[in-house]
Amino acid sequence: MLKFIHLSDVHLISGGRRLFGVSPERRLNAAIDSINQEHGDADFVAFTGDITHWSDAASYTIFADAIRRLTMPVRLLVGNHDSREALSQALCDIAADDNGFIQYAIDTSAGRCLFLDTKKSESDAGEYCSKRLAWLEQQLDSTTGPILLFMHHPPMKLGHTGIDKIALLDAEALYTVVKPHVHRINHLFFGHVHRAISGNWRGISFTCMRGLNQQLALDLNAPEDSFKGSFEQPAYGVVLADTQQVVIHLHTFMDRSPRFDLVTPKGQSAEEYSLEMRHGDWDMMT
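### Let's talk about the environment of leucine 2
Turning to step 1, where the next piece is worked out: With respect to the element layout, leucine 2 can be found in strand E1 (residues 2-7).
Turning to step 2, where the next piece is worked out: A C-alpha to C-alpha distance of 30 Å links leucine 2 and aspartate 170, two positions 168 residues apart in sequence.
Turning to step 3, where the next piece is worked out: Those residues in contact with leucine 2 that sit more than four places away from it in its chain are Asp43, Phe44, Thr108, Ser109, Ala110, Leu148, Val239, Leu240 and Ala241.

### What to know about helix H2 (residues 57-67)
Turning to step 1, where the next piece is worked out: Listing the buried residues of H2 in full gives Ser59, Tyr60, Ile62, Phe63, Ala64, Ala66 and Ile67.
Turning to step 2, where the next piece is worked out: Buried-residue contacts for H2 involve helix H1 (24-38), strand E2 (44-48), strand E3 (74-77) and helix H3 (84-90).

### Points about the nonpolar core
Turning to step 1, where the next piece is worked out: Ranked by internal contacts, the top residues of the largest apolar core, which has 47 residues, are Leu7, Leu28, Phe47, Phe63, Phe115 and Phe150.
Turning to step 2, where the next piece is worked out: Element by element, the count of residues in this core is highest for H2, at 6 residues.
Turning to step 3, where the next piece is worked out: Those residues in contact with phenylalanine 47, other than ones at most four positions away along the chain, are Leu7, Val10, Leu28, Phe63, Ile67, Leu70, Val74, Arg75, Leu76 and Leu77.
Turning to step 4, where the next piece is worked out: Counting 28 residues, the second largest nonpolar core, distinct from the first, contains Ile147, Met156, Leu158 and Leu188.

### Some thoughts on the sheet that holds strand E9 (residues 204-208)
Turning to step 1, where the next piece is worked out: Reading across the sheet, the 6 strands line up as E4-E5-E6-E7-E9-E8 and stay open at both edges, with mixed pairing between neighbours. In this open sheet, the two strands that pair with only one neighbour each are strand E4 (104-108) and strand E8 (197-201). Strand-to-strand twist in this sheet, taken as the mean axis angle between neighbours without regard to direction, amounts to 20°.
Turning to step 2, where the next piece is worked out: Sheet topology note: the strand E6 (residues 147-150)/strand E7 (residues 185-190) ladder contains 4 bridges and is parallel. Note that in E7 the partner of isoleucine 147 across the bridge is isoleucine 185.
Turning to step 3, where the next piece is worked out: Contacts from helix H4 (residues 130-141) reach E4, strand E5 (111-115) and E6, with the element oriented near 175° to E5.

### Points about the environment of aspartate 141
Turning to step 1, where the next piece is worked out: Structurally, aspartate 141 can be placed in helix H4.
Turning to step 2, where the next piece is worked out: Separated by 35 residues in the primary sequence, aspartate 141 and threonine 176 have C-alpha atoms spaced 14 Å apart.
Turning to step 3, where the next piece is worked out: Here histidine 181 takes part through its side chain, which lies 3.4 Å from a polar atom of the side chain of aspartate 141.

### Digging into the sheet that holds E1
Turning to step 1, where the next piece is worked out: Judged by pairing direction, the sheet is mixed, and its 5 strands sit side by side in the order E3-E2-E1-E12-E13 without closing on themselves. Each edge of the open sheet carries a strand with a single partner, namely E3 and strand E13 (246-251). Ignoring strand direction, the axes of neighbouring strands in this sheet form an average angle of 20°.
Turning to step 2, where the next piece is worked out: Note: E1 against strand E12 (residues 236-241), 5 bridges, orientation antiparallel. Looking across to E12, one finds that isoleucine 5 is bridged to valine 238.

### Some words on the side chain of serine 14
Turning to step 1, where the next piece is worked out: Mapped onto the elements of the fold, serine 14 is located in the loop between E1 and H1.
Turning to step 2, where the next piece is worked out: Discounting residues that sit within four places of it in the chain, serine 14 has contacts with Asp56, Ala58, Ser59 and Ile62.

### Quick word on the packing of H1 against H2
Turning to step 1, where the next piece is worked out: Put simply, H1 and H2 touch, their axes get as near as 10 Å, and they point 20° apart. Considering the angle they form, H1 stands roughly parallel to H2. As for how H1 packs across H2, the hand of that crossing is right-handed. Where H1 abuts H2, its residues Glu25, Leu28, Asn29 and Ile32 lie against Ile62, Phe63, Ala66 and Ile67.
Turning to step 2, where the next piece is worked out: Across the contact of H1 with H2, the residue classes tally to 6 nonpolar, 1 polar and 1 charged.

### Comments concerning the pattern of salt bridges
Turning to step 1, where the next piece is worked out: Going through the model one piece at a time under the given rule, you end up with 11 salt bridges.
Turning to step 2, where the next piece is worked out: Of the charged contacts in the structure, one is a salt bridge between aspartate 33 and arginine 69, with a shortest N-O distance of 2.8 Å. Of the two residues, aspartate 33 sits in helix H1 while arginine 69 sits in the loop between H2 and E3, which places them 36 residues apart along the sequence.
Turning to step 3, where the next piece is worked out: When its relative accessible area of 32% is taken as the criterion, aspartate 33 is described as partly exposed.
Turning to step 4, where the next piece is worked out: In this structure arginine 69 comes out as partly exposed when scored by relative accessible area, which is 35%.

Rules used in this analysis
Residues numbered from 1 in each chain as written. Predicted model: local features only at pLDDT ≥ 70, side-chain atom pairs only at ≥ 80, totals over all residues. Heavy atoms only, no water. Helix = DSSP H or I, 4+ residues; strand = E, 2+ residues; numbered from the N terminus. Contact = heavy atoms within 4.5 Å. Buried < 20%, exposed > 50% of the residue type's maximum accessible area, 1.4 Å probe, protein only. Core = buried A, V, L, I, M, F, W, Y, C linked by side-chain atoms within 4.5 Å. Pairing = 2+ DSSP bridges. Axes fitted to C-alpha atoms, helices over the stretch in contact; angles between N-to-C directions. Polar contact = N/O pair within 3.5 Å; in protein donor to acceptor, adjacent residues only side chain to side chain. Parallel < 35°, antiparallel > 145°, perpendicular 65-115°, else oblique. Left-handed = near helix turned anticlockwise from the far one by under 90°. Nonpolar A, V, L, I, M, F, W, Y, C, P; charged D, E, K, R; others polar. Salt bridge = Lys/Arg side-chain N within 4 Å of Asp/Glu carboxyl O.

Next comes the structure, spelled out in structure tokens:
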């Protein structure tokens, strides 16, 4: 069974500064602590883009230092807030294809994992040009086993008009390449949206992961130029996969709500136990 962690949209900034009033560096370090302590057996950690907020070298240095604490390999992608050049300089061993795009393949017990570079220069939207498509086609054609896809931008409309305008602009071209292989693409992982979303795109199941710093508030009636944020709990995905299935647990790793036994203690009735438990002000949430 392959086990890996999916994170996205760190939005690091340097100088110990806060972004929208909270610290992305603190949240990244909290995620790393949680992964090491709770999921040290993971095969790798995948970051699906927007490593930094302003793509400055100092922020990438902070990121490079932080991920050295992880006890397992790291797989990275670029997002619309990232710079390929700055990321490559900070992490000299990051993989790239022959055209300099940060995309690569790794073969695992659950199949081939393909990490796609969907960055479009000077745009928040994504693109997947003919050179990148040719690389993807070669990777798909060179294996007959299951496929897991990773990218930053969603290739489908998600019902939020603003987000839909800055999704992957070449979705049709991408689908043309993957269509012959849909039956063996077991899942698609992406970020960009800062919300936990799951669904199915033309026969491919997908998951979008929450951001580590801020989230996109759920308002499907928002005008296309409106992007309201929120501080819903950051999360990462704990993925368990083999050739037959993919299971994803959403872990809100900074949650500090009380934990308690759901099994009634011996000598006490279920009614007494369930009704008499008290957790301070947590009942105010219901």
